[in-house]
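Below are the chains, spelled out letter by letter.
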Amino acid sequence: MEPDIIISSQSLYFGRELLAIPHKCCINRHSGLLPRNGGLWPGFQAVRKAELETGVSVHVMEREIDAGQVLSQVHIPVREKETVWGIYEKCFAASADAIIEAVEKIRRSDYTPVNNGYRQEYYSFPTAEHWKEFRQRNGRYI
């Protein structure tokens, strides 16, 4: 197989060999507004930090996780008492539009990044302090 693009929608790391397969690039769908809330559990981080919006980002994959150029984003408001589950449901529902937009840009060889002004963040599993903040905000999963 000689694909032009590989589309990822999961949290597994792509190594150098997999990233080198497509003619154009590998892209990843992420449930957050990159470069903010990169890494694991972006929906949890949005609730923990009482953010007013979150969304879906589609970015070019690089060896560093969630660090590639963001090609498309869909913004989703975070409602009062929003659950982490609800955020992910909305993000997955909006994912097709974000992926189609990114694929169209790649087809035109347009790698112009989205610039939303957010600073880069990366989170691994939530820390004890993150859980404390989440509970203090009455965060809920479902």
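Located above this text is the structure these notes cover.
Residues numbered from 1 in each chain as written. Predicted model: local features only at pLDDT ≥ 70, side-chain atom pairs only at ≥ 80, totals over all residues. Heavy atoms only, no water.

**Points about a nonpolar patch on the surface**
Taken together, Trp-41, Trp-85, Phe-125, Tyr-141 and Ile-142 make up a surface patch of nonpolar side chains, about 610 Å² in accessible area. Mapping Ile-142 onto the fold places it in the segment after helix H4 (128–136). (Patch = residues over 30% accessible without salt bridge, like charges linked within 9 Å, V, L, I, M, F, W, Y side chains within 5 Å. Areas by Shrake-Rupley, 256 points an atom, 1.4 Å probe, with all protein chains shown as cover. Salt bridge = Lys/Arg side-chain N within 4 Å of Asp/Glu carboxyl O. Helix = DSSP H or I, 4+ residues; strand = E, 2+ residues; numbered from the N terminus.)

**Here's the deal with the layout of surface pockets**
When its volume is computed, the largest pocket comes out at roughly 470 Å³. In this structure, the largest pocket is lined by 25 residues; those nearest its centre are Gln-10, Ser-11, Asn-28, His-30 and Gly-39. Of all elements in the fold, only strand S2 (25–30) and helix H3 (84–107) reach the threshold of two or more residues within the lining of the largest pocket. Of all the elements, S2 adds the most residues to the lining of the largest pocket, at three residues. By residue class, the composition of the lining of the largest pocket is 11 nonpolar, nine polar and five charged. Taken as a whole, the second largest pocket holds about 280 Å³ of empty space. As for the second largest pocket, its lining consists of 14 residues, and the residues nearest its centre are Arg-79, Glu-80, Lys-81, Glu-82 and Arg-137. Considering only residue class, the lining of the second largest pocket consists of five nonpolar, two polar and seven charged. (1 Å grid on protein atoms, 1.4 Å probe; cavity = no way out; pocket = protein on both sides within 12 Å on 5 of 7 lines; lining within 4 Å. Points joined across faces, edges and corners; volume = space filled by probe spheres on them. Nonpolar A, V, L, I, M, F, W, Y, C, P; charged D, E, K, R; others polar.)

**What about the side chain of Ser-57?**
Tracing the backbone through its elements, the reader meets Ser-57 in strand S4 (residues 53–60). A polar contact is formed between the side chain of Ser-57 and the backbone nitrogen of Leu-34, at a distance of 2.9 Å. For Ser-57, the residues in contact, after removing those within four places along its chain, are Asn-28, Arg-29, His-30, Gly-32, Leu-33, Leu-34, Val-70, Ser-72 and Gln-73. (Polar contact = N/O pair within 3.5 Å; in protein donor to acceptor, adjacent residues only side chain to side chain. Contact = heavy atoms within 4.5 Å.)

**Things to note about the sheet that holds S4**
Pairing is mixed in the open sheet, where four strands are placed in the order S1-S2-S4-S5. Each edge of the sheet is formed by a strand with only one pairing partner; in this case those strands are strand S1 (5–8) and strand S5 (70–77). If you compare each strand with its neighbour and ignore which way they point, the axes differ by 15° on average. With respect to the sheet, H3 is in contact with S1, S2, S4 and S5, its orientation differing from that of S5 by roughly 150°. (Pairing = 2+ DSSP bridges. Axes fitted to C-alpha atoms, helices over the stretch in contact; angles between N-to-C directions.)

**Some thoughts on the nonpolar core**
Counting residues in hydrophobic clusters, the biggest one holds 20 residues, and the most contacted among them are Ile-27, Val-56, Val-58, Leu-71 and Ile-87. Counting only elements with at least two residues in this core, the list comes to S2, helix H2 (42–48), S4, S5 and H3. In terms of residue count, H3 provides more of this core than any other element does, eight residues in total. Contact partners of Val-56, with chain neighbours within four places excluded, come to Arg-29, His-30, Gly-32, Leu-33, Ser-72, Gln-73, Val-74, Ile-76, Cys-91, Ala-94, Ser-95 and Ala-98. (Core = buried A, V, L, I, M, F, W, Y, C linked by side-chain atoms within 4.5 Å. Buried < 20%, exposed > 50% of the residue type's maximum accessible area, 1.4 Å probe, protein only.)

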